[in-house]
Amino acid sequence: MSSHEEDKDLSQPGQPGGQDDTQERLDTAGNAEYTSEDLSVLQGLEGVRMRPSMYIGDPNVRGIHQLFNEVLDNAVDESLAGFCDQIIVRFIDPKTVSVQDNGRGIPVDVHTETGLSGLETVMTMLHAGGKFGGKGYKVSSGLHGVGVSVVNALASRLEATICREGELYFQAFERGITAGPIEKRGKCTERGTTVKWTADVEIFTDYEYDAHIMLARVKDLAYLNPQLKFSWINEMTGEPPIEIHQKRGIVELVEHLNEGKDIIHKVVYFRKSREDIEIEVAMQYHTSYSELIMTYANNIHTTEGGTHLSGYKTALTRVINQYGRKVQILKDRDPNLSGDDVRDGLTAVLVVKLPNPHFEAQTKIKLTNVEVDGIVNSVVGEAFTEYLDENPSIAKKVVEKALIARRAREAARQSAELVRRQSGLDNLSMPGKLADCIERDPSLCELFVVEGDSAGGSAKSGRDRRTQAILPLKGKILNVERARIDKALGNAEIRALITVLGTGIANAVLDEEDEEGNSNGNGHWDQSKLRYHKVVIMTDADVDGEHIRTLLLTFFYRYMKPLLENGNIYIAQPPLFCIKSGKDERIYALSEQERDEIVATMKTKNKSCTISRFKGLGEMNAEQLYETTMDPESRRLIQVHYDPEVDSQSVEEIFSKLMGDKVEPRREFIEAHAREVTDLDWDY
């Protein structure tokens, strides 16, 4: 806040520091006193409401869905304990969800220490639940015992319905405070717990539940728990319930993730236990070049990995190198294959279940149990060695693919290093096609990546030269989903884009590896060197334009993912129609529906109008292009954002289907969604 916001007379009574009985207490040395009266004691769940970020991360999209995850995980924990095989999720309204399980039901008898019912204890007290003493749950994801009480604290209203021993119980809470005593509401023939809550608008002001995010989590858990049947009911749309039951578990998940890829072998699967830790792995190599390893600990998607991932990577690198040398594919004089080499073209799901997991934070994105590293390393090493020995033809293909990857990476490192050096040069060394802006503060600069020289010319003429830079691309860039990294970095348009943005690439090709050949996957990425904080993809509103946009998004996802995570990528929304009325009035419409609404409004005002349709950006003159698509006062942009905690699986699936090797998944996707397409531009 600016110090010049308001000048206050601090000598007046009633003001901080004023001369009345509110003045600051001073000790004999003239220092402010600090006594026990200055200490605040928060009661119940007040601390959660005051500092929600400590428990759910920031109270934003991720935070509101963390509430859902906490309740859903508790229901799944009942299944892990062997008492539940059915979970029903209801999406009731934008801030209200319910989760119902057929487990044992939260206890309702009086807890001897708290004097409250078991239900009220777990709903109103932090660190209360059946997951500490080892009696209620041997394995669980809700380890900290703060999950459902935090949900209660951050809900404007929460209702719990419990069916136990033939009796139906109900209790309501408001912002973490008990709204009334537990009630008996008759008899019931089944058992279980239903928790229904409404996220508090005071905490989650502008954020609502997203059906896509919640359904993705339900599907995720279905793969991890083949013993469970899920029902998804969207009361917002009134669609028929979706029944989800993945009987083959994570094997099906790997097959699903590789749908658009040419696979090298059937999914390798093994499940073993050691020292009370259960390790489950499904893995499959494909002919493409992307790597995807999804890790879970007690059903929690650990998006930042942890000790289980470290152990898995170490074992994989060691085993493939040992096998390669044993069969003489790797010669004595050859260096070991790196971790990146052996994971090239790998899709894997790694699941561990353990009685006492430790996570980096309450949101549980990274497993930290030290002992897990060595156990996973040992178990995976033994199981994968056995598989390679029993399947020599597949083993040979895997090692040879890693050798090809190493050669490609060596070539790519040279290209990437050249691009990285060029990215750090001054404007005179930028690609000649770039029309740069004058401003040098990246936070004020925008780069428009434009389809074609014609549109690029209009954009250069019409832009605000102070803050807007233009980079025209010639034709369609390379599909990096199906290209080796050395080929991708050899593409002129891709090199130009990397050079202009200045960050380098976020890819393991440039990583420094540890002794086991592992790397962090970030390449030489430097977000601080980004020259434009808004990167706008501006293509024609037709089929070709959509294709180019998808190719660019594929490139950003595979090589510049931090731009998507940080919200730097935008999509321009050029209009399809111009509606003219009179001499000067011009209104632009993005779609046929919007056009019809504008025309209908004009007719009610007895205005005549003429309608013209743009075939592409190149048809617009510089003034029109700026007015409709580039002017910050009137343009419409879509911000593209990627959150690895909620989007990783669904994004991988869509890129695999739409941009992968196989035609069949693309055709199936188009057939399934063809009726949803509007304003398709047929180019006869």
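## Description of the state of the cysteines
Right, on to step 1. Here the structure, examined in full by the defined rule, presents one disulfide.
Right, on to step 2. Disulfide pairing places C163 opposite C188 at an S-S distance of 1.8 Å. Given an S-S torsion of about 105°, the disulfide between C163 and C188 has right-handed geometry. Of the two residues, C163 is situated in strand β3 (residues 155–164) and C188 in the loop between β6 (183–187) and β7 (192–199); the sequence distance between them amounts to 25 residues. Of the two residues examined, C163 and C188, each falls in the buried class.
Right, on to step 3. Here C437 stays unpaired: no disulfide links it, and the sulfur of C445, its closest cysteine neighbor, is 3.7 Å away.

## A word on helix α17 (residues 592–604)
Right, on to step 1. Given a rise of 1.5 Å per residue, 13 residues ought to cover 18 Å, and the 19 Å separating the end C-alpha atoms of α17 matches this to within 8%.
Right, on to step 2. For α17, the set of buried residues is R595, I598, V599 and M602. All buried residues of α17 project into a common sector of 95° when viewed along the axis, lining one side. Exposed and oriented more than 90 degrees from the buried face of α17 are Q593 and T604.
Right, on to step 3. Against the buried residues of α17 lie β19 (577–581), β20 (585–589) and β21 (610–613).

## Observations regarding helix α15 (residues 543–559)
Right, on to step 1. Taking 1.5 Å per residue as the helical rise, α15 with its 17 residues ought to reach 24 Å, and the 24 Å between its terminal C-alpha atoms agrees with that figure.
Right, on to step 2. The element α15 is largely enclosed, with a buried count of twelve among its 17 residues.

## Describing the sheet that holds β21
Right, on to step 1. The strand order across the open sheet built from three strands is β20-β19-β21, with neighbouring strands paired in antiparallel fashion. The sheet is open, and its two edges are formed by β20 and β21, each paired on a single side. Strand after strand, the sheet turns through a mean of 25° between neighbouring axes, direction not considered.
Right, on to step 2. Inspection of the sheet shows β19 paired to β20 by five bridges, in the antiparallel sense.

## Observations regarding the sheet that holds strand β14 (residues 346–353)
Right, on to step 1. The strand order β10-β11-β14-β12-β13 describes an open sheet built from five strands, whose pairing is mixed. Among the strands making up the open sheet, the edge pair consists of β10 (268–274) and β13 (300–301).
Right, on to step 2. In the sheet, strand β12 (residues 292–297) pairs with β13 via two bridges, with the strands oriented antiparallel. Bridging across to β13, A297 finds its partner in I300.

## Describing the side chain of E278
Right, on to step 1. Here E278 shows up in strand β11 (residues 277–285).
Right, on to step 2. At 3.2 Å, the side chain of E278 forms a polar contact with the side chain of R271.

## Here we look at the packing of aromatic side chains
Right, on to step 1. If you walk through the whole model with that rule in mind, you get eight aromatic pairs.
Right, on to step 2. When the centroid spacing of 6.4 Å and the interplanar angle of 80° are considered together, the rings of W197 and Y209 count as edge-to-face. With a gap of twelve residues between them, W197 in strand β7 and Y209 in the loop between β7 and α6 (211–224) connect regions that are remote in the sequence.
Right, on to step 3. A relative accessible area of 5% means that Y209 is categorised as buried.
Right, on to step 4. Arranged with centres 4.9 Å apart and planes meeting at 20°, the rings of Y557 and F655 form a pair that is stacked. Residue Y557 is found in helix α15, and its partner F655 is found in helix α19 (residues 644–659); the two are separated by 98 residues along the sequence. We note that Y557, like F655, is buried.

## Details of the environment of I587
Right, on to step 1. Along the chain, I587 falls in strand β20.
Right, on to step 2. Linking I587 and P575, residues twelve residues apart in sequence, is a C-alpha distance of 9.7 Å.
Right, on to step 3. Leave out the neighbours within four places in its chain, and I587 touches F577, C578, I579, I598 and M602.

## Things to note about the packing of helix α14 (residues 492–501) against α15
Pairs of packed helices are described in terms of their axes, by the angle between the two and the distance that separates them.
Right, on to step 1. Packing of α14 against α15 brings their axes to within 12 Å, and their N-to-C directions diverge by 55°. Comparing the axis directions of α14 and α15 gives the class oblique. By crossing handedness, the relation of α14 to α15 is classed as right-handed. Of α15, the residues touching α14 (which contributes I494, L497, I498 and L501) are L552, F555 and F556.
Right, on to step 2. Grouping the amino acids of the contact of α14 with α15 by side-chain chemistry returns seven nonpolar, no polar and no charged.

## Looking at the pairing of strand β1 (residues 86–93)
Right, on to step 1. Here β1 pairs with strand β8 (residues 229–234) via six bridges, running parallel. When the bridges of β8 are listed, F91 appears paired with N234.
Right, on to step 2. Summarising the sheet, β1 and strand β2 (residues 96–101) pair through six bridges and their orientation is antiparallel. Looking at the pairing, R90 lines up with S98 of β2.

## A few points about the pattern of salt bridges
Right, on to step 1. If you walk through the whole model with that rule in mind, you get 37 salt bridges.
Right, on to step 2. E174 serves as the salt-bridge partner of R157, at 3.2 Å between the closest nitrogen and oxygen. Residue R157 is found in strand β3, and its partner E174 is found in strand β4 (residues 167–174); the two are separated by 17 residues along the sequence.
Right, on to step 3. The exposure class assigned to R157 is partly exposed, which follows from its relative accessible area of 30%.
Right, on to step 4. Of the charged contacts, one joins R586 and E623 as a salt bridge, the two residues approaching to 3.8 Å between their closest N and O atoms. Of the two residues, R586 is situated in strand β20 and E623 in helix α18 (residues 622–630); the sequence distance between them amounts to 37 residues.
Right, on to step 5. What makes E623 exposed here is its relative accessible area of 55%.
Right, on to step 6. When salt bridges with common partners are traced through the structure, they connect R49, R175, D200 and E202 into a single cluster.

Criteria and cut-off values
- Each chain has its residues counted from 1, running along the sequence as written.
- The model is predicted, so local features are restricted to residues of pLDDT at least 70 and side-chain atom pairs to those at 80 or more, both for listing and for counting; the totals for chains, interfaces and linings are taken over all residues.
- Side-chain metrics rest on all non-hydrogen atoms present in the structure, leaving aside hydrogens and water.
- Any two cysteine sulfur atoms lying within 2.5 Å of each other are counted as a disulfide.
- Secondary structure elements are taken from DSSP: a helix is a run of H or I of four residues or more, a strand is a run of E of two residues or more, and numbering for both begins at the N terminus.
- The buried label goes to any residue with under 20% of its type's maximum accessible area, the exposed label to any with over 50%, and the partly exposed label to all in between, with areas taken from a 1.4 Å probe on protein chains only.
- To estimate how far a helix should extend, the number of its residues minus one is multiplied by 1.5 Å.
- It is the directions from the helix axis to the C-beta atoms that the arc portrays.
- By the convention used here, residues are in contact when the closest approach between their heavy atoms is within 4.5 Å.
- Pairing between strands is defined by DSSP: at least two bridges between them are needed.
- Between the N-to-C directions of two axes lies an angle of 0 to 180 degrees, each axis being a line fitted to C-alpha atoms and, for a helix, fitted only over the stretch in contact.
- Counted as a polar contact is a pair of N or O atoms within 3.5 Å, where, for protein atoms, one must be capable of donating a hydrogen and the other of accepting one, and residues adjacent in sequence contribute only when both atoms are in side chains.
- Geometry of aromatic contacts follows a simple scheme: Phe, Tyr and Trp rings, the Trp one being its six-membered ring, pair when their centres are within 6.5 Å, and the pair is stacked under 30 degrees between planes, edge-to-face over 60, tilted otherwise.
- Any angle between 65 and 115 degrees counts as roughly perpendicular, while under 35 counts as roughly parallel, over 145 as roughly antiparallel, and the rest as oblique.
- Left-handed describes a crossing in which the near helix is turned anticlockwise from the far one by less than a right angle; the clockwise case is right-handed.
- Each residue gets one of three labels, nonpolar for Ala, Val, Leu, Ile, Met, Phe, Trp, Tyr, Cys and Pro, charged for Asp, Glu, Lys and Arg, and polar for the others, Gly among them.
- Each salt bridge in this description consists of a side-chain nitrogen of Lys or Arg and a carboxyl oxygen of Asp or Glu lying within 4 Å of one another.

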